[in-house]
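# Secondary and tertiary structure notes
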Amino acid sequence: MELSGLVRALRLEGPRDGGQPEQPPPAVPPAEQVLLQIRLIFSEGAGGVPKAGVLRDLGALIEAADCRWLFGGVSPATLGKLVAALNGYAAPPEQEQDAADLPSKDSAYAATAERAADVGSVFLHLLAKLEAANTQESLGVPMVGPILCRVMEPLYIFAATHIAERPWTNMKSQSVAQELLALLVRATGCGSVAEFLRGKNEDEEGRFGAVMGLLKQELTKDTWKRNPATKFVFSWTLPQVTRPWLSHYLECVLPPSLLISDDYREENKILGVRCLHHIVLNVAVLLCLLDLVPILERAQRQQKQTRPTTPCDEVLQLVLTHMEAEHRLALRRVYARTLPAFVQRLGILIARHLKRLERVILGYLEVCDGPEEEARLGILETLQCTIEHAWPRMPCRLPVLLKALLKMIWDVHTDQGSTPEPVKAALLQGATECLILLDRCSEGQVKVSRGPRTASSLIPSPLEGRGSVVHAKAHLLPQSNSILKASVSTHHNIST
């Protein structure tokens, strides 16, 4: 049956005065079959069918159909795929990855705007029908909910693509997109676009993650320029999500922001920097700043600016200054978790900061910061990275570092508090790793000792390799009194 004939049949079977609609006659095919055929028409590569006419008939079909026929026998996946196919039909034409600037207007973009207005009209009918079905006792949330879950992210991306003035939009397509977005927000029980994306409260997951999941495949290095709308959808969506919600999505929003800002075209640089600015304002910024540093350094090189220190050095100097004076345990944990990444980024250049970094390491090793010991574990990882990258500078610092590590081992071993045994084991293993590295880079000076049970018996031979860490830890646990004596004895021997 042709769509126009199907529409007439469905209208005849519509609600009658004072009564419920009758069941469709056998001549009317199932909705699943009809929608699958329509999806094939709009699938990529399908041709030979006047799609504009089919689109108009589809809108009329949805408007005329009874909710039980339209949704009762259709899987949510079928409707989701149909919406995705129509979204692709209304998308701007693809560009070459390295194409020149977009034309302000051309015939292809004008046709895109007309298609978008027609597709948006179909989507409006679909959402209106879902709202109507939601109020029917025989359908309601159990049927409408799964369908909405399938279609709301593609509907959002369609609206965000056409909602603002772009080369592929006109006033009609923009108006339809605005109306569709408002209806989508209402249909999902949200009060605003921001609430739709982020959730009503911090504990509720919004749709931003799912939207980014659909955009992700078009926001890679090799694809982001092909669809001219993708960067605008991303940059229009990102500001809707603020703190504290945005921190949960840092891994998926930072790479495309950096990618766009690193482009050679000025408009893309500006767009990317705006996205980065929003991220910096709304996320814990230390690791974020660390990812921004290469772009700042590249800009300095392009401008031929010669500076004795890099932006990474400047950020680390500021971080160490705050770490030294910080007494609040929560912030000490945050700083300690991020410090290893700075050491890894600077590599051998961490030697510029060893004086202040040593003071921070000693101070943080001395203080217990609670059951999980996050600050101490972060500082032990920092010390390991520092020794590995700046090992030639370690022998002169051996006395103070060795004393601090052995004192921490003593504190951990004699701790009768609430620290769980796995955390104690992690602290002891981290300290052992540091002792082994210090012994290697100081040519065995950690073993220089007096007495039968001092630091020399605690550190495995360098020839035993990294696999000896477990063996070393086994020697660290017993004889706690000997460990303390080892701390004092070793410090005396090395100092003299």
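The rules we used
Residues numbered from 1 in each chain as written. Predicted model: local features only at pLDDT ≥ 70, side-chain atom pairs only at ≥ 80, totals over all residues. Heavy atoms only, no water. Helix = DSSP H or I, 4+ residues; strand = E, 2+ residues; numbered from the N terminus. Buried < 20%, exposed > 50% of the residue type's maximum accessible area, 1.4 Å probe, protein only. Contact = heavy atoms within 4.5 Å. Areas by Shrake-Rupley, 256 points an atom, 1.4 Å probe, with all protein chains shown as cover. Axes fitted to C-alpha atoms, helices over the stretch in contact; angles between N-to-C directions. Parallel < 35°, antiparallel > 145°, perpendicular 65-115°, else oblique. Left-handed = near helix turned anticlockwise from the far one by under 90°. Phe/Tyr/Trp six-rings, centres within 6.5 Å; stacked < 30°, edge-to-face > 60°. Lys NZ or Arg CZ within 6 Å of the ring centre and 35° of its normal. Arc of directions from axis to C-beta. Core = buried A, V, L, I, M, F, W, Y, C linked by side-chain atoms within 4.5 Å. Expected span 1.5 Å × (residues − 1). Salt bridge = Lys/Arg side-chain N within 4 Å of Asp/Glu carboxyl O. Lys, Arg positive; Asp, Glu negative; His and termini not counted. pLDDT = per-residue confidence, 0-100. Polar contact = N/O pair within 3.5 Å; in protein donor to acceptor, adjacent residues only side chain to side chain.

### Observations regarding the overall build of the protein chain
Helix and strand counts for the protein chain come out as 22 helices and 0 strands. Taking all 496 residues of the protein chain together, the buried fraction comes to 48%. Here the analysis covers contacts within the protein chain between residues at least 6 apart in sequence; of these, 70% occur between residues at least 24 apart. Summed over its atoms, the accessible surface of the protein chain is roughly 24,000 Å², and 54% of this surface lies on carbon and sulfur atoms.

### Some remarks on the packing of helix H12 (residues 250–261) against helix H13 (residues 266–282)
Between H12 and H13, whose axes approach to 7 Å, the crossing angle comes to 150°. Between H12 and H13, the angle is such that the two are roughly antiparallel. Along this stretch, H12 crosses H13, giving a crossing that reads as left-handed. In this structure, H12 contributes Leu250, Val253, Leu254, Ser257, Leu258, Ile260 and Ser261 to the contact, and H13 contributes Asn268, Lys269, Leu271, Gly272, Val273, Cys275, Leu276 and Ile279.

### Thoughts on the packing of aromatic side chains
As enumerated under the stated definition, the model contains 7 aromatic pairs in all. The rings of Tyr109, Trp168 and Phe232 are connected pair by pair, giving a single aromatic cluster. Arginine 198 extends its terminal NZ or CZ atom over the ring of tryptophan 245, reaching a point 4.4 Å from the ring centre. Across the ring face of tyrosine 364, the terminal group of arginine 332 is positioned such that the distance to the ring centre comes to 3.9 Å.

### Regarding helix H10 (residues 208–216)
Taken together, the buried positions of H10 are occupied by Phe208, Val211, Met212 and Leu215. End-on view of H10: buried residues confined to an arc of 95°, all on one side of the axis. Where the residues of H10 are buried, they touch helix H7 (140–162), helix H9 (193–198), helix H11 (230–237) and H12.

### Points about the nonpolar core
The biggest cluster of nonpolar side chains holds 85 residues, and the ones touching the most others in it are Phe71, Leu86, Tyr156 and Phe208. With 11 residues, the single largest contributor to this core is H7. If near-sequence neighbours (up to four positions away) are discounted, tyrosine 156 is found in contact with Leu181, Leu184, Val193, Phe196, Leu197, Val211, Trp236 and Thr237. One finds Val343, Leu357, Leu405 and Leu428 within the second-largest nonpolar core, a separate group that totals 50 residues.

### Comments concerning helix H3 (residues 51–64)
With 14 residues, H3 should cover 20 Å at 1.5 Å per step; its first-to-last C-alpha distance of 20 Å lies within 8% of that length. For H3, every residue scored as buried is listed here: Lys51, Val54, Leu55, Leu58, Gly59, Ala60, Leu61, Ile62 and Ala64.

### Description of unusual backbone geometry
Look at the link from arginine 243 to proline 244: it is a cis peptide, with omega at 0°. Turning to its location among the elements, proline 244 is positioned in the loop between H11 and H12. The phi torsion at glutamate 373 lies on the positive side, around 50°, for a residue other than glycine. Classification of glutamate 373 by relative accessible area gives buried; the value is 2%.

### Considering the environment of leucine 70
Mapped onto the fold, leucine 70 is located in helix H4 (residues 67–72). For the pair leucine 70 and proline 30, spaced 40 residues apart in sequence, the C-alpha separation works out to 8.5 Å. In this structure leucine 70 touches Ala31, Leu35, Ile62, Ala65 and Lys129, once residues within four positions along its chain are discounted.

### Considerations on the pattern of salt bridges
Evaluation of the coordinates by the stated rule reveals 15 salt bridges. Residues aspartate 66 and arginine 68 are paired through a salt bridge, measuring 3.4 Å at the closest nitrogen-oxygen approach. Judged by relative accessible area, which is 21%, aspartate 66 ranks as partly exposed. Judged by its relative accessible area of 31%, arginine 68 is partly exposed. Among the salt bridges present, the one from arginine 337 reaches glutamate 374, with a minimum N-O distance of 2.6 Å. With a gap of 37 residues between them, arginine 337 in helix H16 (residues 329–346) and glutamate 374 in helix H18 (residues 374–389) connect regions that are remote in the sequence.

### Observations regarding the packing of helix H6 (residues 107–134) against H7
For any two helices packed against each other, one specifies the crossing angle of their axes together with the interaxial distance. Packing of H6 against H7 brings their axes to within 10 Å, and their N-to-C directions diverge by 160°. One way to sum up the angle between H6 and H7 is to call them roughly antiparallel. In this structure, H6 meets H7 at a crossing whose hand is left-handed. In contact with Thr112, Ala116, Val119, Gly120, Phe123, Leu127, Leu130, Ala133 and Asn134 of H6, H7 contributes Gly140, Val141, Val144, Ile147, Leu148, Leu155, Phe158 and His162.

### A closer look at the side chain of arginine 207
When you line up the elements, arginine 207 lands in the loop between H9 and H10. With no salt bridge to any partner, buried arginine 207 finds its closest opposite charge in glutamate 204, at an N-O distance of 4.8 Å. The residues contacting arginine 207, other than those within four sequence positions of it, are Met152, Glu153, Thr188, Cys190, Phe196 and Leu197.

### Considerations on the confidence of the model for the protein chain
Across the protein chain, pLDDT averages 81, with 79% of residues at or above 70. Summarising per-element confidence for the protein chain, the mean pLDDT is lowest in helix H21 (residues 469–476) (37) and highest in helix H8 (residues 171–187) (96). A low-confidence stretch, residues 449–496 stays under pLDDT 50, and its non-local contacts, those more than four residues away or across chains, total 84 contacts.

### So, the side chain of threonine 188
Residue placement: threonine 188 occurs in the loop between H8 and H9. Take threonine 188: its relative accessible area is 15%, and that puts it in the buried class. Here valine 185 takes part through its backbone oxygen, which lies 3.0 Å from a polar atom of the side chain of threonine 188. Excluding its chain neighbours within four sequence positions, the residues that come into contact with threonine 188 are Met152, Phe196 and Arg207.

### Concerning the environment of leucine 331
Within the secondary structure layout, leucine 331 lies in helix H16. Between the C-alpha atoms of leucine 331 and alanine 375, which are 44 residues apart in sequence, the distance is 9.2 Å.

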